[in-house]
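Working through the structure, step by step
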Amino acid sequence: MSDTAVTYNYLDEYLDELRSKGRYAFTLDEVKEKFPVSDKALNQNLYRLKKKKKIVQVRKEFYTLLPAEYSLQGIIPVNMFIDDMMKALGKKYYVGLISAAALHGAGHQQPMETFIITERPALRDIKNKKLKLNFFIKNDWNTEDVNEIKTEAGYMNVSSPELTALDLLYYAESIGINRIITILEELIEVIKPSNLKKAAKCYSQIAAVQRLGYLLEVQLDNEKLGETLYKTIANKIGVNIPLMPGKNKIGETNSRWKIIHNVQIESDL
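Let me sum up the structure you'll find in this document.

The rules behind the values
- Residues numbered from 1 in each chain as written.
- Predicted model: local features only at pLDDT ≥ 70, side-chain atom pairs only at ≥ 80, totals over all residues.
- Heavy atoms only, no water.
- Helix = DSSP H or I, 4+ residues; strand = E, 2+ residues; numbered from the N terminus.
- Buried < 20%, exposed > 50% of the residue type's maximum accessible area, 1.4 Å probe, protein only.
- Contact = heavy atoms within 4.5 Å.
- Areas by Shrake-Rupley, 256 points an atom, 1.4 Å probe, with all protein chains shown as cover.
- Core = buried A, V, L, I, M, F, W, Y, C linked by side-chain atoms within 4.5 Å.
- Phe/Tyr/Trp six-rings, centres within 6.5 Å; stacked < 30°, edge-to-face > 60°.
- Pairing = 2+ DSSP bridges.
- Axes fitted to C-alpha atoms, helices over the stretch in contact; angles between N-to-C directions.

Summing up its helical and strand segments, the protein has eleven helices and twelve strands in all. Its C-alpha atoms put the protein at 80 × 30 × 30 Å along the principal axes. Looking at the 269 residues of the protein, the share that counts as buried comes to 50%. Looking at the protein alone, contacts between residues at least 24 apart form 59% of all its contacts between residues at least 6 apart. In the form shown here, the protein has an accessible surface area of approximately 13,900 Å², with 46% of it arising from carbon and sulfur atoms.

Below, the structure is given as structure tokens:
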């Protein structure tokens, strides 16, 4: 029997085996180790499975299963494979920003894309008709501010509501101030002052803490959360900084937070 025929039979069985174990993803290396056949035979049959819409190639050497119930979408939900993919890449990560906010109940703006924070070197975003994965780089983070959330395929790492709020301001230029304020209006319902204090103490980007504190206290009238952040960074606040980086430093300055209100804010709620 030829390599191709052997692979043809056993790859189908392998997919069933993965599914029975609650797994929905695999790497090329895993398959090579499982089936000692030629690269040509393996690639031919992986291509066959893709054409038959039994698997999807998410990125180089990483594939997901495509059960019948997801055939219309053409891809399984990200939460069913993101942990496997990041482990295969050997990278620390967490699902964050708008994606994390939606998981914490701030779902007014349900994202059609997934936001992932990871370490250097940078990963290229994955964007096609079925999938949008946006990767943001961060030098470090406190693992205590990242939660493991159970999924159909195991677990995935998700930023806490407090870390999510801080990150929104750290990546403000990419997210947009109106989107941020809309998310914060809902997210503050699940932010705990004690957890916010811990997250802010460990957050190395002081400007993001400063901007978040200003928005919480001045724009959203949440004095309790605002005061929590102010006490945490009061002795670290330096020169005046713009609320929105990358724009002109023109606007009214808040002397307590030393924030220049240089952008118009309009909530989408």
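Let's shift gears to the nonpolar core. In a soluble, globular protein the nonpolar side chains are often hidden away together inside. Residues L184, L212 and L215 are the most contacted members of the largest nonpolar core, which totals 48 residues. Of all the elements in the fold, those that place two or more residues in this core are helix 5 (97–103), strand 5 (114–118), helix 6 (161–170), helix 7 (172–175), helix 8 (177–187), helix 9 (193–202), helix 10 (206–219) and helix 11 (223–233). With 26 residues, the next largest nonpolar core counts V58, F81, L123 and L133 among its residues.

The subject of this paragraph is the packing of aromatic side chains. For any pair of aromatic rings, the description consists of the separation of the ring centres together with the inter-plane angle of the planes. The full count for this structure, using the stated rule, is eleven aromatic pairs. Arranged with centres 5.3 Å apart and planes meeting at 10°, the rings of F26 and Y63 form a pair that is stacked. Taken together, the positions of F26 in strand 1 (residues 25–27) and Y63 in strand 3 (residues 62–65) put the pair 37 residues apart, joining distant regions of the chain. Each member of the pair, F26 as well as Y63, carries the same accessibility label: buried. Site record: aromatic cluster; members linked through ring pairs are Y10, Y14, F26, F35 and Y63.

Ordered by their spatial adjacency, three strands build an open sheet running 10-12-11, and the pairing between neighbours is mixed. Of all strands in the sheet, those bounded by a partner on one side alone are strand 10 (241–242) and strand 11 (252–254). Sheet analysis places strand 10 next to strand 12 (residues 259–261), joined by two bridges and oriented parallel. Bridging from a neighbouring strand, P242 pairs with I260 of strand 12. Set on the sheet, helix 10 makes contact with strand 10, strand 11 and strand 12; between it and strand 12 the angle comes to about 55°.

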